[in-house]
Amino acid sequence: MRLNNKSVLITGGTSGIGLATARLFISEGARVAVTGRNDSVFDRVRTELGENALTLKGDVRSIGDMRAIAAEVKKSFGGLDVVFANAGRAFPSAINEIDEDLYDDIMDINVKGAVFTLQAVLPDLREGASVILNTSFVAQTGRHGISLTAAAKAALRSLARSWSYEFLDRKIRVNAIAPGAMDTPLISKWGMSEEWVRDRKAEFAKAVPVGHMGKAEDIAYAALYLASDESSYVVGTELVVDGGASQL
Ligand SMILES: NC(=O)c1ccc[n+]([C@@H]2O[C@H](COP(=O)([O-])OP(=O)(O)OC[C@H]3O[C@@H](n4cnc5c(N)ncnc54)[C@H](OP(=O)(O)O)[C@@H]3O)[C@@H](O)[C@H]2O)c1
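As a starting point, this report considers the structure included with it. (Residues numbered from 1 in each chain as written. Predicted model: local features only at pLDDT ≥ 70, side-chain atom pairs only at ≥ 80, totals over all residues. Heavy atoms only, no water.)

**Structural notes on the pattern of salt bridges**
Move 1: Here the structure, examined in full by the defined rule, presents 16 salt bridges.
Move 2: Close ionic contact of K201 with D183 constitutes a salt bridge, the shortest N to O distance being 2.6 Å. Of this pair, K201 sits in helix α6 (residues 194–207) while D183 sits in the loop between β6 (173–179) and α6, and the two are 18 residues apart along the sequence.
Move 3: Accessibility expressed as a relative area gives 21% for K201, which makes it partly exposed.
Move 4: The partner of K215 in a salt bridge is D218, and the shortest N-O contact between them spans 3.8 Å.
Move 5: Three or more residues joined by partner-sharing salt bridges are found here, namely D59, R61, R89 and D105. (Salt bridge = Lys/Arg side-chain N within 4 Å of Asp/Glu carboxyl O. Helix = DSSP H or I, 4+ residues; strand = E, 2+ residues; numbered from the N terminus. Buried < 20%, exposed > 50% of the residue type's maximum accessible area, 1.4 Å probe, protein only.)

**Describing the site of the ligand**
Move 1: If you check the shell around the ligand, you find 30 residues, and the closest are S15, R37, N86, T184 and K189.
Move 2: Interatomic distance of 3.4 Å between a backbone N/O atom of G88 and an oxygen atom of the ligand.
Move 3: Here an oxygen atom of the ligand sits 2.7 Å away from a polar atom, N or O, in the side chain of K189.
Move 4: For the ligand, the accessible surface in isolation is 890 Å², of which the surrounding protein chains cover 93%.
Move 5: Partitioning the shell around the ligand into residue classes produces nine nonpolar, 15 polar and six charged. (Near = heavy atom within 4 Å. Polar contact = N/O pair within 3.5 Å; in protein donor to acceptor, adjacent residues only side chain to side chain. Areas by Shrake-Rupley, 256 points an atom, 1.4 Å probe, with all protein chains shown as cover. Nonpolar A, V, L, I, M, F, W, Y, C, P; charged D, E, K, R; others polar.)

**So, the packing of aromatic side chains**
Move 1: Following the criterion strictly, the structure yields two aromatic pairs and no others.
Move 2: Measuring from ring centre to ring centre gives 5.6 Å for F91 and W190, while their planes differ by 70 degrees; the resulting arrangement is edge-to-face. In this pair, F91 sits in the loop between β4 (80–85) and α4 (100–121) while W190 sits in the loop between β6 and α6, placing the two residues 99 residues apart along the sequence.
Move 3: Counting every residue linked through ring pairs, the aromatic cluster contains F91, W190 and W196.
Move 4: Against the face of W196 rests R200, its NZ or CZ located 4.8 Å from the ring centre. (Phe/Tyr/Trp six-rings, centres within 6.5 Å; stacked < 30°, edge-to-face > 60°. Lys NZ or Arg CZ within 6 Å of the ring centre and 35° of its normal.)

**With respect to the nonpolar core**
Move 1: Membership of the largest hydrophobic core comes to 35 residues, with the highest contact counts inside it found for L9, V73, L80, L125 and L133.
Move 2: Mapped by element, the contributors of at least two residues to this core are α3 (63–77), β4, α4, β5 (125–134), α5 (147–166) and β6.
Move 3: The dominant element in this core, judged by the number of residues it contributes, is α4, at nine residues.
Move 4: Among residues more than four places away in sequence, those in contact with L80 are S7, V8, L9, V73, V121, D124, L125, R126 and A129.
Move 5: Counting residues in hydrophobic clusters, the runner-up holds 32 residues, among them A20, I26, F42 and A216. (Core = buried A, V, L, I, M, F, W, Y, C linked by side-chain atoms within 4.5 Å. Contact = heavy atoms within 4.5 Å.)

As C-alpha cells, then:
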C-alpha cells in the first residue's frame, strides 16, 4: 500500500499507460481520477477500476475543461497528492508533412495540455505532492520522422526542471518519465490497417535492445516510484524506461 490514502489525477487515464497506472495506483491504496475525451469508455473503465476511481470528461487542450476537472477533483478528493500529466499523442511527421493542424494538435495535446493541467490543479496540490510528466524516448536522441513529437516532449522535459524550481517552497516535486516503444492502443489510432500496425510493432520491437516493446505496466511501475514517498529526494529528473532504446 505505497499510496495509501493518496489522491491522484491521471489525464488520459482511460487507455494504455494512464489506465494501467490508475489500476496499479488503486491497488496501492490510492483514489484516482482519470480523464479522457471519449466518455463512451467510461462505464468500462469504472467497472475495471472499481469504486476508488472517478472518470471525468475533458480535453487537456481546453483551459475551461481543465478548470472544470480540477473543481470536480477538489469536490471529491479535497486536494491532490499526485498528478500524472499523461495525456498525449505521438504522430510521425517529416518536416514537409507538418501542416498547421498537425503542429497545433501535437503541441497542444502534449505541451499546452500539461501546462494548463498543472495550472488548474496547482491551488489544490498538497505540500509534498508529486507531479509526473509523460515525455518520450524519442526526445533523447535525434530520430528520423518524428521531430514534432520529439520537440513537444523535450519541452515537457524542460518544464519538469523549471516547475521543480518554482514549487520548491511547497515541497512539490516534478519529474518526468520517458517511455520507449510501448505496446498500447496509441498507434492503432493513426488510421492505418491492422496489418500495417502489426508490421510497425514488429519493426519497433526489433529496434529495441531488449528485443520487445514495453508494456503499459512498465511505465506504471516507474510512475509508482515517482508518486510514492520513496522518491522524495528525486526532483526535476527524467526516468527513461525504454528497454535501452535510447541508452545503448
Ligand atoms: N505508447 C508509446 O509507445 C509511447 C511512447 C512514448 C511516450 N508515450 C506517451 O504516453 C502517453 C500515453 O500514451 P499511450 O500509449 O497510453 O496512448 P493511448 O493508449 O492512446 O492513451 C492516450 C490517452 O490520452 C487521452 N487523450 C488523448 N488526447 C487527449 C486530449 N486532447 N485530452 C484529454 N485526453 C486525451 C486518451 O483518451 P481520449 O482518446 O478519450 O481523449 C487516452 O486516455 C502519451 O503522452 C504518449 O505520448 C507513449
